[in-house]
Every structure is written in structure tokens, then in C-alpha cells.
Amino acid sequence: MVSRCRQCPLQLNDPRATPERLATYLALVDRPVAALLDRRKLQQLGFGRFRYSSQPLRLLKYELVPTLELQACCQGASLHLLSDRCRIAGLGRWADGLSFGLAADLRPGPARLDGLATVWVGLPSTAPGWCRSLAARALDQVLDRMERRLRRGLAKDLLAWLP
């Protein structure tokens, strides 16, 4: 198993961004999820359930396309995302022995959201040692994309939504 975890704080610098208003926004569940992800690649399966086909990641000679099913729910003031039934196309014979997943939390603070994202890849036991560093590099790319979507898409939607 190779995993990466990253704190993703989002400073909003807007007096309307009180913890109560931010919690109300996060409780909308579907709206913040749609703001975090590319809407063209997002399919809603039900309230708080989504299928997302990510933009391809290029890694060496491979073009990897992760597809995830996500469950989103609001608990207290926090929004939680957890993946299940994930697959990565483009790995050829390695695809069957590989597992992938993510978990993310967004919590309101004064004029900010505190985010924490964790991504992981389970490698087959027969994978050569260099696969770990390659997997770690791919996971760092995934976290970079998630952080960009938080800073651009979610921030823009949230500031437009604030009363």
C-alpha cells in the first residue's frame, strides 16, 4: 500500500464566510462536490453518490484514467467524501491487482475551510519495487489536482453562493 495525505486549507478572506455559513454551504453536499470536480465528468447516482471519471494522468508510457464512485455526506459541520468501487484504466495487466481510493474532509473555520485529503494505491504483491515510487508520484499528482480544484472551483462557487 502506498498512500499520501495532505492538509489543504482554503483561506477565504471574506467577512461573509462565517463558520455557520460555511457549514450551511457544506451541508448542501451535492453543490460543493460539483464545485470540486469537473462537472462534465461527474455523474450523480443519487443524493450524495457520484461517479467521476478523472482527467487522464500521464505517467511514463502510461495514460491512466481513474474512475471512482464517491459517497458524500455531511456530519456535523463537516463534509466527508469517501470513494468505493474505484478502477484505473490504462494499466494493462496490472489493472486487476491494483486498488485505489480516496477520502477527504472539509471543515469550516473562521473565514476558511480546513481540508484534509488522503489517497492510496494498493499494489499487487508481484509488483517490482520501482512501482512504489511511481505510485507515490501519481498520488502526488492526484493531490495537486484536488488542491487546485479546491482553490479554484470550490472557492469560486462558495463565494458566489455566500449571501
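The coordinates are above.
Please read these numbers as outputs of a predicted model, since none were measured by experiment.

Quick notes on the overall build of the protein chain
Within the protein chain, the regular secondary structure consists of three helices and eight strands. Each helix (α) and strand (β) of the protein chain, taken in turn from the N terminus, gives the series β-α-α-β-β-β-β-β-β-β-α. Since a compact globule built from 163 residues should have a radius of gyration of about 15 Å, the 17 Å found for the protein chain is in line with a globular shape. With the C-alpha coordinates aligned to their principal axes, the bounding extent of the protein chain is approximately 55 × 30 × 25 Å. The buried share of the protein chain, reckoned over its 163 residues, is 46%. Sequence separation of 24 or more characterises 59% of the internal contacts of the protein chain that already satisfy a separation of 6 or more.

Quick notes on the packing of aromatic side chains
Taken as a whole and judged by the stated rule, the model has one aromatic pair. Look at Tyr-25 and Trp-161: their rings are 5.4 Å apart centre to centre, the planes differ by 55°, and that puts the pair in the tilted class. With Tyr-25 in helix 1 (residues 19-27) and Trp-161 in helix 3 (residues 130-161), this residue pair connects regions lying 136 residues apart in the sequence. We classify Tyr-25 as buried; its relative accessible area is 1%.

Structural notes on the pairing of strand 2 (residues 42-46)
Sheet topology note: the strand 2/strand 3 (residues 49-53) ladder contains four bridges and is antiparallel. Paired with Leu-42 across the bridge in strand 3 is Tyr-52. Following strand 2, the chain reverses through two residues before pairing antiparallel with strand 3; Gly-48 in that reversal takes a positive phi of roughly 75°.

Quick notes on the rules
- Residues numbered from 1 in each chain as written.
- Predicted model: local features only at pLDDT ≥ 70, side-chain atom pairs only at ≥ 80, totals over all residues.
- Heavy atoms only, no water.
- Helix = DSSP H or I, 4+ residues; strand = E, 2+ residues; numbered from the N terminus.
- Rg over C-alpha atoms; globule rule 2.2 N^0.38 Å.
- Buried < 20%, exposed > 50% of the residue type's maximum accessible area, 1.4 Å probe, protein only.
- Contact = heavy atoms within 4.5 Å.
- Phe/Tyr/Trp six-rings, centres within 6.5 Å; stacked < 30°, edge-to-face > 60°.
- Pairing = 2+ DSSP bridges.

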